[in-house]
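Take a look at the letters that make up each chain.
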Amino acid sequence: MPETAATAGKAKGLIEFVAVSKSYGHAIAVDAINLKIPAATYCCLLGPSGCGKTTSLRMLAGHEIATSGDILLDNVNVTGLPPAKRGTAMMFQNYALFPHLSVAENVAFSLKMKGVAKAERLEKARRMLKLVELEPYADRLPAQLSGGQQQRVALARALITEPHALLLDEPLSALDPFLRLRVRGELKRLQKSLAISFVHVTHSQDEALALADLVVLMNAGRIEQQGTAADVFSRPRTAFVARFVGSHNVIDLGDRAVAVRTDRVSLVHGDTDGASSRQATVTGIEFAGNGFSVQLADDRGGEMSALVPEPAFHAQPYQEGERATISWAPSDAHVLEGGAN
Ligand SMILES: Nc1ncnc2c1ncn2[C@@H]1O[C@H](COP(=O)(O)OP(=O)(O)OP(=O)(O)O)[C@@H](O)[C@H]1O
């Protein structure tokens, strides 16, 4: 295996939140979170609006001061340090490039502030631009670049400080869907080659599932579940996680609640009796790319959904309003902590 920064033991970005809280007056934005992000990890902070993702990121960056608890980066307690002394760099949603400075000058800006000589800082800026494949654009102004290119300039500008952790707040939200996929791939490639940690705040389950070595799903200021993307998606701990990551039915079985993936349930026409099943009425049908998503109102008052493969759907299509029975294998039912709510 070729030696990389990671295999050479140079991996950076071990991040620890130890009982970290943030309150604004009486409102608790982040509630005593404990989180350990190993060095050289792509971590996505995921969760609904207002759950505390950005506040957690800003506390790590030093733009907010934690009300209590400690934050460590590579075994250094950075809780009270100013942003520039932490070994973190932040990339913002709107890139915030200086319109009157060239691309190279934008990238070199933080070195200028530190008093690094012009030739040296521009040389380093060129190296960073090469890293993000924008070297030929060094002398342009930001307005002469596409949105995706501006985003890569912002990335180069953050990386020039050689951070141990790069912090990204919704970095892909301003990009069109095609570019979003491309830049997403580039972020992952960069993170692996630099062997530092990236902490990326997103609302998007897809983004987190595609990028993250570690998914941290937050809910109301707390960490609801953390683990690999496959873990969180296949083994949601609670009904909240199952609903948030989507593509799951949360089924209340009385003594317990279970989650069953929508691609693991079977759907048949008409009312059929049987264990592990629900009789229901079809309420909607959507094409989902990899099949048809059939929405159902079950007779016990629940909402369910089944992903029916395209050939099966076309062989016997479902219609809104018709009766159907949805069933699942008990081995596909994953028990949830704390019931169905
Ligand atoms: N400066 C502030 N003053 C008062 N309350 C704040 C402040 N900043 C954040 N909050 C509150 O803290 C909570 C967490 O906010 P935060 O921005 O961390 O959420 P988020 O998960 O990043 O949300 P979004 O996805 O909408 O950006 C919210 O209830 C928010 O209203």
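Each value, and the rule that gives it
Residues numbered from 1 in each chain as written. Predicted model: local features only at pLDDT ≥ 70, side-chain atom pairs only at ≥ 80, totals over all residues. Helix = DSSP H or I, 4+ residues; strand = E, 2+ residues; numbered from the N terminus. Buried ≥ 20, exposed ≤ 12 C-beta atoms within 10 Å, placed from the backbone. Contact = placed C-beta atoms within 7 Å. Near = placed C-beta within 6 Å. Nonpolar A, V, L, I, M, F, W, Y, C, P; charged D, E, K, R; others polar. Domains from an automatic or database assignment. Pairing = 2+ DSSP bridges. Axes fitted to C-alpha atoms, helices over the stretch in contact; angles between N-to-C directions. Parallel < 35°, antiparallel > 145°, perpendicular 65-115°, else oblique. Left-handed = near helix turned anticlockwise from the far one by under 90°. Expected span 1.5 Å × (residues − 1). Arc of directions from axis to C-beta. pLDDT = per-residue confidence, 0-100.

Secondary structure assignment for the chain yields nine helices and 18 strands. Overall size of the chain, expressed as C-alpha extent along the three principal axes, is 80 × 45 × 45 Å. Classification of the 341 residues of the chain by burial places 39% in the buried group. Considering only contacts within the chain whose residues lie at least 6 apart along the sequence, 63% involve residues at least 24 apart.

As a further point, take the site of the ligand. Inspection of the region around the ligand gives Tyr24, Ala27, Ala29, Gly47, Ser49, Gly50, Cys51, Gly52, Lys53, Thr54, Thr55 and His203 as its neighbouring residues. For the shell around the ligand, the secondary structure elements donating two or more residues are β2 (27-37) and α1 (53-61). With three residues, α1 is the largest single contributor of residues to the shell around the ligand. Of the residues contributing to the shell around the ligand, the split by class is four nonpolar, seven polar and one charged.

Accessible area lost upon the coming together of the parts is a frequently used measure of interface size. Structurally, the chain comprises domain 1 (15-234) and domain 2 (249-336). The C-alpha-based centres of domain 1 and domain 2 are spaced at 40 Å.

We now examine the pairing of strand β4 (residues 68-73). Sheet topology places strand β1 (residues 15-24) next to β4; five bridges connect them, and they run antiparallel. Pairing of Glu16 across the sheet is with Leu72, part of β4. Between β4 and strand β5 (residues 76-77), which pair antiparallel and follow one another directly, the connecting turn spans two residues, one of which, Asp74, has a positive phi of 45°.

Bringing the packing of helix α4 (residues 147-159) against helix α5 (residues 177-194) into the picture now. The N-to-C vectors of α4 and α5 enclose an angle of 30°; their axes lie 10 Å apart at closest approach. Considered as vectors, α4 and α5 are oriented roughly parallel to each other. Two packed elements cross with a definite hand, and for α4 against α5 that hand is right-handed. Note on element contacts: α5 touches α4 through Leu179, Arg182 and Val183, opposite Gly147, Gly148 and Gln151. For the contact of α4 with α5, the class distribution of residues is two nonpolar, three polar and one charged.

Attention now goes to the sheet that holds strand β9 (residues 214-219). Taking strand neighbours across the sheet as the criterion, the six strands line up as β6-β7-β8-β3-β9-β10 in an open arrangement whose pairing is mixed. Across the chains shown, the open sheet's two edge strands, defined by having one partner strand only, are β6 (88-91) and β10 (222-227). Strand-to-strand twist across the sheet, computed as the mean angle between neighbouring axes with direction ignored, equals 20°. Here four bridges tie strand β3 (residues 42-46) to β9, and the two strands are oriented parallel to one another. Considered in β9, the bridge of Leu46 is made with Leu217. Against the sheet, α4 contacts β6 and β7 (165-169), and its axis sits at roughly 165° relative to β6.

Moving on, we get to helix α3 (residues 118-131). With 14 residues, α3 should reach 20 Å at 1.5 Å per residue; the first-to-last C-alpha distance of 20 Å fits that figure. Within the span of α3, buried status applies to Arg121, Ala125, Met128 and Leu129. What you see down the axis of α3 is that its buried residues fit within an arc of 100°, all on one side. Of the exposed residues in α3, the ones pointing more than 90 degrees away from its buried face are Ala119 and Glu120. Buried residues along α3 sit against α2 (103-113) and α4. Immediately beyond the C-terminal end of α3, within one or two residues, lies Glu133, with a positive phi of roughly 60°.

Read across the sheet, three strands follow the order β11-β12-β18 without closing on themselves; strand pairing throughout is antiparallel. Bordering the open sheet on either side are β11 (248-252) and β18 (334-336), each of which pairs with just one other strand. When the angles between neighbouring strand axes are averaged without regard to direction, this sheet yields 35°. In terms of strand pairing, strand β12 (residues 257-261) meets β18 through three bridges, oriented antiparallel.

With that settled, consider the confidence of the model for the chain. Averaged over every residue, the pLDDT of the chain is 92; the share at 70 or more is 96%. Low pLDDT, under 50, characterises residues 1-7; the stretch is placed with ten contacts to residues that sit more than four places away or in other chains. On the interface metric, ipTM, the complex scores 0.95, and its pTM is 0.88.

Another aspect to go through is unusual backbone geometry. Negative phi is the rule for most residues except glycine; trans is the rule for most peptide bonds. Residues other than glycine seldom take positive phi values, yet Asp74 does so here, at roughly 45°. Along the chain, the position of Asp74 falls in the loop between β4 and β5.

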